[in-house]
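# Topology and contacts: notes
Each chain is listed here by its residues.
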Amino acid sequence: MKRIVTFSLVAACSVLLLLIPQVSRASKPAKQTTRFAPVHIYLDSGNKPLAAYQFELKAIAGQIKIVGVEGGEHPAFKEAPYYDPAALMNNRIIIAAFNTGDNLPTGRTRIATIHLQILGDAEPEYQLTLVAAADNNGEKISAELNLQTGENQ
Amino acid sequence: MTDHNRQFDDAEQHVSPQFRKDLRALFDPPGPVPQQVDKAILASAGACLRKRKHGTPHRLIIPLRWAAVAAAAVIVLGTILYHQAVPTNHQSSIINHQSVAERRADIDDNGRVDILDAFRLARDIESRGQADTKWDLNGDGVVDRKDVDVVAVAAVRLDKGV
């Protein structure tokens, strides 16, 4: 009987230790290289004023974690855009912003910068999808979306 | 052997019936043992032997064993429930609590919630001063920028998809 009691307590402690993520993470040695890099998102609305946008960025190759989101270069989109905090430390994010004012950008403008943590040496590949873009009347406009990596904006 | 002793060698020597009866009464068993007495003695002996074998009363061991199993089960269950807890990040809490309101956030009624719904609501509020009360998505009695935020947060939710 004493053996059964002792065995039960040892088994319970073992299960507890295995389920605590901090303990299991601490036991894994970190061998991957890590670096941080920004990804600049540009949207070209042509001659139409850009009043609202929404896009999705996803890493389709390489290991990344999103660590921060920054606003754009034009005053209309300088403030940090809307995004789901659950995207942080993940590899997919949906970003959106709007401005109801009159001072709106036209042509090619940087709308946001996403800061990434890149794990390993492989260069990540991204999938960028424009969900919506609209002018100051709320009318959908066609626009070209692309990204640029590197420190230079 | 002397003549004096020879008298006891005679196997056919007769004894009186009374003498025979007295001898039997001395050496025969007193009578059959009643069954109740037999059982009582056996039970008492068994209890005594068990007590000696285990050293402690049998009743105390069962709760200890089951208590250890119950403690292990409680620890495992508690750990599982802890990992299923809702995130405490403030903006994530807004997203979770307003999931019902998000279903009403399709302002332009095009079948999906995106930033253009938030943009339309914001323009309505700014142009009219107040919008339709059906757009009070956070239930505070007022249609204002907070309701616009509810729509915008719904638009960028990851589990909703594009």
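Residues numbered from 1 in each chain as written. Chains lettered and ligands numbered in written order. Predicted model: local features only at pLDDT ≥ 70, side-chain atom pairs only at ≥ 80, totals over all residues. Heavy atoms only, no water.

When helices and strands are tallied, chain B shows eight helices and zero strands. Each helix and strand of chain B, placed in order from N terminus to C terminus, yields the pattern α-α-α-α-α-α-α-α. Within the span of chain B, comprising 162 residues, buried residues form 24% of the whole. Looking at chain B alone, contacts between residues at least 24 apart form 44% of all its contacts between residues at least 6 apart. Accessible surface for chain B amounts to roughly 12,300 Å². Of this, 59% is attributable to carbon and sulfur atoms. (Helix = DSSP H or I, 4+ residues; strand = E, 2+ residues; numbered from the N terminus. Buried < 20%, exposed > 50% of the residue type's maximum accessible area, 1.4 Å probe, protein only. Contact = heavy atoms within 4.5 Å. Areas by Shrake-Rupley, 256 points an atom, 1.4 Å probe, with all protein chains shown as cover.)

Looking at chain B as a whole, the pLDDT averages 77, with 70% of positions reaching at least 70. Taken together, the chains of this predicted complex give a pTM of 0.60 and an interface ipTM of 0.77. (pLDDT = per-residue confidence, 0-100.)

Compared with an ideal rise of 1.5 Å per residue, which puts 14 residues at 20 Å, helix 7 (residues 115-128) of chain B spans 20 Å between its outermost C-alpha atoms and is within 8% of the ideal. Looking at helix 7 of chain B, one finds that the buried residues are I115(B), L116(B), D117(B), A118(B), F119(B), L121(B), A122(B) and I125(B). Of the surrounding secondary structure, the elements contacted by the buried residues of helix 7 of chain B are strand 2 (52-61), strand 4 (82-83), strand 5 (92-98) and strand 7 (125-134) of chain A together with helix 8 (145-155) of chain B. Positive phi appears at G129(B), one or two residues downstream of helix 7 of chain B, with a value of about 90°. (Expected span 1.5 Å × (residues − 1).)

Moving on to the environment of K78(A). Residue and element names in this part refer to chain A. Mapped onto the secondary structure, K78 falls in the loop between strand 3 (63-70) and strand 4. The exposure class assigned to K78 is exposed, which follows from its relative accessible area of 54%. On a C-alpha basis, the gap between K78 and I111 in space is 8.0 Å, while along the polypeptide they are 33 residues apart.

Glancing now at helix 8 of chain B. Within helix 8 of chain B, eight of the 11 residues are buried, which leaves the element mostly enclosed by the surrounding structure. Among all positions of helix 8 of chain B, only D147(B), V148(B), V150(B), V151(B), A152(B), V153(B), A154(B) and A155(B) are buried.

Turning to the packing of aromatic side chains, a few remarks are in order. Residue and element names in this part refer to chain A. In total, this model carries four aromatic pairs over all chains according to the counting rule given. Taking the centre distance of 5.3 Å and the plane angle of 65° together, the rings of Y53 and F77 count as edge-to-face. Of the two residues, Y53 is situated in strand 2 and F77 in the loop between strand 3 and strand 4; the sequence distance between them amounts to 24 residues. Its relative accessible area of 1% is what places Y53 among the buried residues. The class of F77 is buried, set by a relative accessible area of 3%. Between Y82 and F98, the ring centres sit 6.4 Å apart and the planes meet at 15°, which makes this aromatic pair stacked. Of this pair, Y82 sits in strand 4 while F98 sits in strand 5, placing them 16 residues apart in sequence. Accessibility assignment for this pair places Y82 and F98 in one class, buried. Each residue in the set Y53, F55 and F77 is aromatic and connected to the rest through ring pairs, giving one cluster. When the ring centre of Y42 is taken as reference, the NZ or CZ atom of R108 above it lies at 3.9 Å. (Phe/Tyr/Trp six-rings, centres within 6.5 Å; stacked < 30°, edge-to-face > 60°. Lys NZ or Arg CZ within 6 Å of the ring centre and 35° of its normal.)

Now for the sheet that holds strand 1 (residues 34-44) of chain A. All names here are of chain A. Judged by pairing direction, the sheet is antiparallel, and its four strands sit side by side in the order 3-6-1-8 without closing on themselves. The two strands at the open ends of the sheet, each matched to only one other strand, are strand 3 and strand 8 (144-149). Ignoring which end each strand starts from, the neighbouring axes of this sheet average 30° apart. (Pairing = 2+ DSSP bridges. Axes fitted to C-alpha atoms, helices over the stretch in contact; angles between N-to-C directions.)

This part takes up the pattern of salt bridges. Under the defined criterion, the tally for this structure stands at five salt bridges over all chains. Its salt-bridge partner being R157(B), residue D159(B) comes within 2.4 Å of it at the nearest N-O pair. (Salt bridge = Lys/Arg side-chain N within 4 Å of Asp/Glu carboxyl O.)

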